[in-house]
Amino acid sequence: MAVALHFLPELIVLAAALLVALLDLWLERSRQVLHWIALAGIALGLASLAPLALRGPAGAEALPVWAELWRTDGFALFFKALFLVSTGLVLLADRRFVEERRLPAGELYAMLLFATLGMIMMASSHNLMVIYIGLELVGITGYALSGLDKSDPRSSEAALKYFLLGAVSSSILLFGLSLVYGLTGSLTLEGIGRVFTVPEGGVGLAGMAVLLLLVGFGFKIAAVPFHMWVPDTYQGSPTPVTAFLSVGPKAAGFAALLSLFVTGLPQATSFWRPLLAGVAVLTMTLGNLAALSQTNLKRLMGYSSISHTGYVLAGLAVATPYGFRAMLFYLAAYAFVNLAAFAIIIAVGTQRQAHELADYRGLGQQNTFMAVALTIFFLSLIGIPPTAGFFGKLYLFGAAIEQGYVGLALVMVLNGVLSVPYYYAVIKEMFMGSPEPSAPPVTWPWGVEAAVIAGLVVALGLGLGSDPLLRAATAVVNAL
Amino acid sequence: MVPQSWVLVFTAALFGLGLWGSLRATNAVRILMGIELMLNAINVNLVAFNRYLADQAGQGQVFALFVMTIAAAEAAVGLAIFVSLARSYKGINVDKINILKW
């Protein structure tokens, strides 16, 4: 029984996914039941983390046989909670959208749950094979999810681009993994960490393997220059799927990247650190520059998510406990705020297909609360106090300075300024313009309201007192 | 036994061929074939490393089995996406699928 406790979240999410997929065959009329089952699965999964969390960071010791395969330490629990909450927020916000657009609800919910299963598996696994299986579970369900709206050619096109680039990139990643296995003779992260080094100059198979891993993960987390699929896939996918892709798989990629590079390749830090720093600078800057000229909000959020990837990568490139702590804080704050902003985008996009900036004209007059909420989320994404995003950027900045990366810190500040105009363009449309009379009114289901309020609580709560999350992140990093 | 470096050269060439093919082809099914070649190179790598390392646990071989299974699932989803595309675009030439800007 004690062993089952360590797999309980996975088992619950798997059971919910199978149940949704199965019941979808009979419940043709009452799709709401499926929605409730999916939400209950996520809630139960979250609740099942509690006994392990109460046990403290020593939870891993209860699994001697599996110790090098499966960990349920603070790191795993932090990411599992983050993944479950982000899928929960997507589920809350998407019901009306699914009904209006006649999307296949059972398939959507089942695949969201399967993708979540892959993500929470990745958080626990300390073995290359299990990491790869989790990664592919997220990837394959992601391809199918983005092509879910079969009546819309843009959705199929989004799926094609995501699938082709995703499949090529996971092959590249896998080639890197096979080289790591050949060089170290081990598939466990601890076993690899004891042996793996990159010789001076980074030549040879070891350097090659790290480069291949970087390219593969670069696609998964959407880092420049491997970001080409992001704007198209984000624009073409059904909006709830876009919301999911912008947080879940990206955070899962970061979880795998963090445990692989920190536990598996610590002796090669001097080789991968400058590479990651370079990629981080490129990703931040190009993401922001490309976002400046966008008029489609989903595409704009795609480029914005690319630039946020750059910030998180900067925390990894610093490669100190301070950097990792800042990275975890930033990821958690970004997840809540971005999903809450997407909840509003989903609600606006339910009646209006295009997602052009003009669709947001006059939102401030129609629903002041939602317009103000979206403004606060954008302020947090820019990093203006008193919001969660401000502290996220502050900690990253501090970690870079502490390690002597002044250039990296400067680029971060400049990028903060660079991101103001495109968020401001949306805010201006909402408050300055007046709504077009022909546009259908926007309705606000309770699920969207709940997601928005959760986002507001996190964005402002952490902005006023960032200590709780920072303490959690510190504990996680100390246990790493 | 075949020297290890031969195997490495062979798999690198096979992988490079697959990558080159998948980047150059314009027909989506051909791209998928390139991806399968890359995965085959990885499987040869894994099985060969398992042999040279004399890994008693057979981790490389088990990994290769999982890679094959996942490749099949990936191909199934990919082909389903191609079918759905072919309905709306009357073809699967990736150069002509461009409602969204690349």
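Since this is a predicted model, take the numbers as computed values, not measurements.

A. Spatial organisation of the nonpolar core. By size, the foremost hydrophobic cluster in this structure holds 218 residues, and its most contacted members are Phe79, Leu313 and Phe377 of chain A together with Phe63 of chain B. For this core, the element with the highest residue contribution is helix α15 (residues 321-351) of chain A, accounting for 22 residues. Once residues lying within four places of it in the same chain are set aside, the contact partners of Phe377 of chain A are Val337, Ala340, Ala341, Ile344, Val452, Gly455, Leu456 and Ala459 of chain A.

B. Representation of the packing of aromatic side chains. Residue and element names in this part refer to chain A. According to the stated counting rule, one finds 20 aromatic pairs over all chains in the structure shown. Measuring from centroid to centroid gives 6.0 Å for Trp36 and Trp446, while their planes differ by 15°, and the two rings are stacked. In this pair, Trp36 sits in helix α3 (residues 31-47) while Trp446 sits in helix α21 (residues 446-464), placing the two residues 410 residues apart along the sequence. Judged by relative accessible area, which is 44%, Trp36 ranks as partly exposed. Directly above the ring of Tyr395 sits Arg325, whose terminal nitrogen or CZ lies 6.0 Å from the centroid.

C. Structural detail: the interface of chain B and chain A. Taken together, the contacts link 44 residues of chain B with 41 residues of chain A. In total, chain B and chain A occlude about 3700 Å² of area from one another, counting both sides; carbon and sulfur atoms represent 78% of this. The tally of links from chain B across to chain A stands at 0 salt bridges. Here chain B and chain A share 7 residue pairs in polar contact (both at pLDDT 80 or more) between them.

D. Main features of helix α18 (residues 388-402) of chain A. Residues and elements named next belong to chain A. Over its 15 residues, α18 runs 21 Å from end to end, which matches the ideal 21 Å to within 8%, given 1.5 Å per residue. Among the residues making up α18, those that are buried are Ala388, Gly389, Phe391, Gly392, Lys393, Tyr395, Leu396, Ala399 and Ala400. Here the buried face of α18 lies against α14 (297-318), α15, α17 (368-382), α19 (406-418), α21 and α22 (467-479).

E. Spotlight on empty space enclosed by the protein. Residue and element names in this part refer to chain A. What the rule picks out here adds up to 6 cavities of 30 Å³ or more. Considered as a void within the structure, the largest cavity measures approximately 190 Å³ in volume. Lining the largest cavity are 19 residues, with Val138, Tyr162, Lys220, Trp229 and Pro249 positioned closest to its centre. Mapped onto the lining of the largest cavity, the elements with two or more residues apiece are α7 (128-146), α8 (153-184), α10 (204-221), α11 (229-236) and α12 (239-264). With 5 residues, α12 is the largest single contributor of residues to the lining of the largest cavity. For the lining of the largest cavity, the residue count by class is 13 nonpolar, 4 polar and 2 charged. Of the pockets and cavities examined, the second largest cavity occupies roughly 130 Å³. Those elements giving two or more residues to the lining of the second largest cavity turn out to be α5 (74-101) and α11. A breakdown of the residues in the lining of the second largest cavity according to their chemical character gives 3 nonpolar, 7 polar and 5 charged.

About the criteria used
Residues numbered from 1 in each chain as written. Chains lettered and ligands numbered in written order. Predicted model: local features only at pLDDT ≥ 70, side-chain atom pairs only at ≥ 80, totals over all residues. Heavy atoms only, no water. Core = buried A, V, L, I, M, F, W, Y, C linked by side-chain atoms within 4.5 Å. Buried < 20%, exposed > 50% of the residue type's maximum accessible area, 1.4 Å probe, protein only. Helix = DSSP H or I, 4+ residues; strand = E, 2+ residues; numbered from the N terminus. Contact = heavy atoms within 4.5 Å. Phe/Tyr/Trp six-rings, centres within 6.5 Å; stacked < 30°, edge-to-face > 60°. Lys NZ or Arg CZ within 6 Å of the ring centre and 35° of its normal. Buried area = accessible area lost by both parts, 1.4 Å probe. Salt bridge = Lys/Arg side-chain N within 4 Å of Asp/Glu carboxyl O. Polar contact = N/O pair within 3.5 Å; in protein donor to acceptor, adjacent residues only side chain to side chain. Expected span 1.5 Å × (residues − 1). 1 Å grid on protein atoms, 1.4 Å probe; cavity = no way out; pocket = protein on both sides within 12 Å on 5 of 7 lines; lining within 4 Å. Points joined across faces, edges and corners; volume = space filled by probe spheres on them. Nonpolar A, V, L, I, M, F, W, Y, C, P; charged D, E, K, R; others polar.

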